[in-house]
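Each chain, letter by letter, is given below.
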Amino acid sequence: GDVYPSLIKRLFEYAASSKVTTQNSKLLAIYHDNPEFTPKDQLRTSVCLTVPINKSIQANNNIGIMLLPSCKYAVGHFYILQNQYSAAWDYMYKEWLTNTEYFPCDSYPFEVYLNNSENDPLHKHM
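Since this is a predicted model, take the numbers as computed values, not measurements.

Chemist: Pulling in residues and values, what's your account of the pattern of salt bridges?
Modeler: Going through the model one piece at a time under the given rule, you end up with four salt bridges. For Glu36, the salt bridge identified is with Lys94, shortest N-O distance 3.7 Å. Here Glu36 is found in the loop between strand 1 (27–31) and strand 2 (45–49), whereas its partner Lys94 is found in helix 2 (residues 85–96), with 58 residues between them in sequence. By relative accessible area, Glu36 is classed as exposed at 52%. In this structure, Lys94 and Asp90 form a salt bridge, with 3.8 Å as the shortest nitrogen-oxygen distance. Taken together, the residues span about one helical turn, with Lys94 and Asp90 both in helix 2 at a distance of four residues. For Lys94, a relative accessible area of 47% gives the class partly exposed. By relative accessible area, Asp90 is classed as partly exposed at 29%.

Chemist: Break down the side chain of Ser117 for me, citing the residues and quoting the values.
Modeler: Of note, Ser117 is situated in the segment after strand 3 (110–113). Within the structure, the side chain of Ser117 is placed 3.4 Å from the side chain of His125, a separation counted as a polar contact. Apart from residues lying up to four places away in sequence, Ser117 is in contact with His123, Lys124 and His125.

Chemist: Explain the layout of surface pockets to me, using residue names and the numbers behind them.
Modeler: Of the volumes computed, that of the largest pocket is approximately 1600 Å³. Every element with two or more residues in the lining of the largest pocket is listed here: helix 1 (4–18), strand 1, strand 2, helix 2 and strand 3. The element contributing the most residues to the lining of the largest pocket is helix 2, with five residues. Tallied by class, the residues present in the lining of the largest pocket amount to 16 nonpolar, 10 polar and eight charged. Ala74, Val75, Trp89, Met92 and Phe110 are the residues nearest the centre of the second largest pocket, which is lined by 29 residues in total. Elements that contribute at least two residues to the lining of the second largest pocket include exactly helix 2 and strand 3. Considering only residue class, the lining of the second largest pocket consists of 23 nonpolar, four polar and two charged.

Chemist: Before we move on, could you go through unusual backbone geometry and cite the residues and values that matter?
Modeler: Here the phi dihedral of Lys19 falls at roughly 55°; this positive angle occurs in a residue that is not glycine. The phi torsion at His123 lies on the positive side, around 60°, for a residue other than glycine. Within the fold, His123 resides in the segment after strand 3. Given the relative accessible area of 48%, His123 is considered partly exposed.

Chemist: How would you explain a nonpolar patch on the surface if you had to name every residue and give the values?
Modeler: A cluster of nonpolar residues, Tyr79, Val112, Leu114, Leu122 and Met126, forms a patch on the protein surface that exposes about 450 Å² of accessible area. Structurally, the position occupied by Leu114 is in the segment after strand 3.

Chemist: Please provide a residue-by-residue account of helix 2, values included.
Modeler: The end-to-end C-alpha distance of helix 2, which contains 12 residues, comes to 15 Å, matching closely the 16 Å that a straight helix rising 1.5 Å per residue would cover. Among the residues of helix 2, Tyr85, Ala88 and Met92 are the ones counted as buried. In a view along the axis of helix 2, the buried residues occupy a sector of 70°, so they form one face of it. Of the surrounding secondary structure, the elements contacted by the buried residues of helix 2 are strand 3.

Here is what the cut-offs are and how they apply
Residues numbered from 1 in each chain as written. Predicted model: local features only at pLDDT ≥ 70, side-chain atom pairs only at ≥ 80, totals over all residues. Heavy atoms only, no water. Salt bridge = Lys/Arg side-chain N within 4 Å of Asp/Glu carboxyl O. Helix = DSSP H or I, 4+ residues; strand = E, 2+ residues; numbered from the N terminus. Buried < 20%, exposed > 50% of the residue type's maximum accessible area, 1.4 Å probe, protein only. Polar contact = N/O pair within 3.5 Å; in protein donor to acceptor, adjacent residues only side chain to side chain. Contact = heavy atoms within 4.5 Å. 1 Å grid on protein atoms, 1.4 Å probe; cavity = no way out; pocket = protein on both sides within 12 Å on 5 of 7 lines; lining within 4 Å. Points joined across faces, edges and corners; volume = space filled by probe spheres on them. Nonpolar A, V, L, I, M, F, W, Y, C, P; charged D, E, K, R; others polar. Patch = residues over 30% accessible without salt bridge, like charges linked within 9 Å, V, L, I, M, F, W, Y side chains within 5 Å. Areas by Shrake-Rupley, 256 points an atom, 1.4 Å probe, with all protein chains shown as cover. Expected span 1.5 Å × (residues − 1). Arc of directions from axis to C-beta.

Structure, rendered in structure tokens:
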């Protein structure tokens, strides 16, 4: 959480200099570890921007390339404060998923950010 703003800044600087994003590009956080089982200092997160498939990305020490597998994804729409993310994830896994016939696929859970909470009148995230 502490380095998140600097990672986003670095990602947006790369995207601007390499002109790989479009107006429809989305900011994502992809989680590689479960915080209920992984020590806090070992949690890994990838901060990502979606780019059109025809854009060429040059991976380097700071920037890599990820492709999310094609499958069905559960989508939860939340309008929340920063401290409510854990409750949103708990709802998706402990309430919604356990009451459906679906099961997790072999992929990483992720968040897609639809706004900048600093520009939101209630400072909420969408």
